[in-house]
Amino acid sequence: MTGSSSPTEAAVADAALAVPVWDLPVRLFHWTLVGLIAFSWWSAEYDRIEWHLWSGLGVMSLLIFRLLWGVFGSSTARFGNFVRGPRATFDYLRKPREWGGIGHTPLGALSVVALLLLLLVQVSLGLVMSDEDGVVSGPLNRLVSFEAAERAGELHELLFNVLLGLIALHVAAILFYRLVLGKRLTGAMITGRTLAHGGAEPMRRGKWWAAVLCLIAGLAITRWIIAGAPPLGT
Ligand code: HEM
């Protein structure tokens, strides 16, 4: 075929196609994290402290896994690909409909980074904290003074409310995309696929064995951090 493409060909090239956007490790990470955070809240609220500690360690392993997968994983999971500076974020905010990429938008990236950092702070405080009576304490509580542990406990409680606020914002943003911009983000976090136009750079998949190694590292580092700590719940 010679010359410029026909209107039909142009339409086909411009048509939105379902393309991979989130790999299985990111999706499993996301929904396990959601489950563990709900369980952490429930177990703290109903005084199942031993379960709460296990759940917190689960969140910690997941976070370490995600940090590693953000370096070695698929292109849409890599921090280097989706964390953007203020200029890109500002440009995106001015014309959100013109953003042609797949994966986290520059604004979405901010919320992802904020959620991950806050969760890291939360689990770190949980490791060293004690409650006001000194009855419940984290596995690394012995490393800090009584006052510091108590302060960590207060912050752990306070930051949970900040976390709830960020989660509410996260869900509100997803609803905004659905209702105002007509984008179905949740479906993509379930199926791993999204609609994209021909010009979008395709996702490059990470290796499955790299995901397994990142997970093993997450579990091993968590185990190493609490090695030597008294049994949980005592
Ligand atoms: C405990 C509550 C939640 C937490 C802590 C959380 C955390 C996160 C994190 C860390 C990411 C980044 C994923 C990654 O790159 O690895 C993310 C993305 C995402 N989450 Fe959540 N999430 C929560 C609840 C939800 C809920 C209830 C929904 C659906 C209604 C949802 C839908 C999504 C979607 C669609 C994305 C991808 C956003 C995008 O396209 O950039 N999340 N979430």
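Everything below is about the structure printed above this text.
Report on the accompanying structure. (Residues numbered from 1 in each chain as written. Predicted model: local features only at pLDDT ≥ 70, side-chain atom pairs only at ≥ 80, totals over all residues.)

**Regarding the site of the ligand**
So, step 1. Around the ligand lies a shell of 20 residues, among which Ile-37, His-104, Gly-108, Leu-185 and Met-189 are the nearest.
So, step 2. For the shell around the ligand, the elements supplying multiple residues, two or more each, are helix H2 (24-45), helix H6 (106-128), helix H7 (146-179) and helix H8 (185-191).
So, step 3. Among the elements that take part in the shell around the ligand, H2 stands out by supplying 6 residues, more than any other.
So, step 4. A class-by-class count of the residues in the shell around the ligand yields 14 nonpolar, 5 polar and 1 charged. (Near = placed C-beta within 6 Å. Helix = DSSP H or I, 4+ residues; strand = E, 2+ residues; numbered from the N terminus. Nonpolar A, V, L, I, M, F, W, Y, C, P; charged D, E, K, R; others polar.)

**Observations concerning unusual backbone geometry**
So, step 1. Residues other than glycine seldom take positive phi values, yet Asp-47 does so here, at roughly 60°.
So, step 2. Mapped onto the elements, Asp-47 comes out in the loop between H2 and helix H3 (49-72).

**A closer look at helix H9 (residues 208-226)**
So, step 1. For H9, spanning 19 residues, the distance from its first C-alpha to its last is 28 Å, which sits close to the expected 27 Å at 1.5 Å a residue.
So, step 2. The secondary structure elements touched by the buried residues of H9 are H2 and H3.
So, step 3. Downstream of H9 by one or two residues, Gly-228 has phi in the positive range, about 90°. (Expected span 1.5 Å × (residues − 1). Contact = placed C-beta atoms within 7 Å.)

**Quick word on the environment of Glu-147**
So, step 1. Within the fold, Glu-147 resides in helix H7.
So, step 2. Sequence-wise, Glu-147 and Asp-133 are 14 residues apart; in three dimensions their C-alpha atoms are separated by 12 Å.

**Thoughts on H7**
So, step 1. The end-to-end C-alpha separation of H7 is 49 Å, in line with the 50 Å expected for 34 residues at 1.5 Å each.
So, step 2. For H7, the set of buried residues is Ala-149, Ala-152, Gly-153 and His-156.
So, step 3. Summarising the contacts, the buried residues of H7 are in contact with H6. (Buried ≥ 20, exposed ≤ 12 C-beta atoms within 10 Å, placed from the backbone.)

**Re the nonpolar core**
So, step 1. Grouped together as the largest cluster of nonpolar side chains are 30 residues, with contacts concentrated most on Val-59, Met-60, Leu-62, Leu-63, Phe-65, Val-123 and Val-128.
So, step 2. Secondary-structure elements contributing two or more residues to this core are H2, H3, H6, H7 and H9.
So, step 3. Residue contributions to this core peak at 9 residues, all from H3.
So, step 4. Contacts of Val-123, omitting those with residues within four sequence positions, involve Gly-56, Val-59, Met-60 and Leu-63. (Core = buried A, V, L, I, M, F, W, Y, C linked by C-beta atoms within 7 Å.)

**Comments concerning the packing of H3 against H6**
So, step 1. Between H3 and H6, the least distance of the axes is 10 Å, while the angle of their chain directions is 140°. With respect to H6, the axis of H3 lies oblique. Note that H3 runs across H6; the crossing there is left-handed. The residues of H6 that touch H3, namely those facing Gly-56, Val-59, Met-60, Leu-63 and Arg-66, are Leu-116, Leu-119, Leu-120, Val-123 and Gly-126.
So, step 2. Each residue belonging to the contact of H3 with H6 can be placed in one class, and the counts come to 7 nonpolar, 2 polar and 1 charged. (Axes fitted to C-alpha atoms, helices over the stretch in contact; angles between N-to-C directions. Parallel < 35°, antiparallel > 145°, perpendicular 65-115°, else oblique. Left-handed = near helix turned anticlockwise from the far one by under 90°.)

**Details of the environment of Pro-86**
So, step 1. Checked against the element boundaries, Pro-86 lands in helix H5 (residues 86-94).
So, step 2. The spacing of Pro-86 and Gly-218 is 132 residues in sequence and 31 Å in space, taken between C-alpha atoms.

**Description of the packing of H6 against H7**
So, step 1. Close contact between H6 and H7 brings their axes to 9 Å; oriented N to C, the two are set at 155°. Looking at the two axes, H6 sits roughly antiparallel to H7. Relative to H7, the crossing made by H6 is left-handed. Every residue of H7 that contacts H6 at Ser-111, Ala-114, Leu-115, Leu-118, Val-121, Gln-122, Leu-125, Gly-126 and Val-128 is listed here: Ala-149, Ala-152, Leu-155, His-156, Leu-159, Val-162, Leu-163, Leu-166, Leu-169, His-170 and Ala-173.
So, step 2. Partitioned by chemical class, the residues of the contact of H6 with H7 number 15 nonpolar, 5 polar and no charged.

**Observations regarding the environment of Leu-125**
So, step 1. Note that Leu-125 resides in helix H6.
So, step 2. Take Leu-125: there are 22 C-beta atoms within 10 Å of it, and that puts it in the buried class.
So, step 3. Sequence-wise, Leu-125 and Trp-54 are 71 residues apart; in three dimensions their C-alpha atoms are separated by 15 Å.
So, step 4. Apart from the residues within four sequence positions on either side, Leu-125 is in contact with Ala-152, Leu-155, His-156 and Leu-159.

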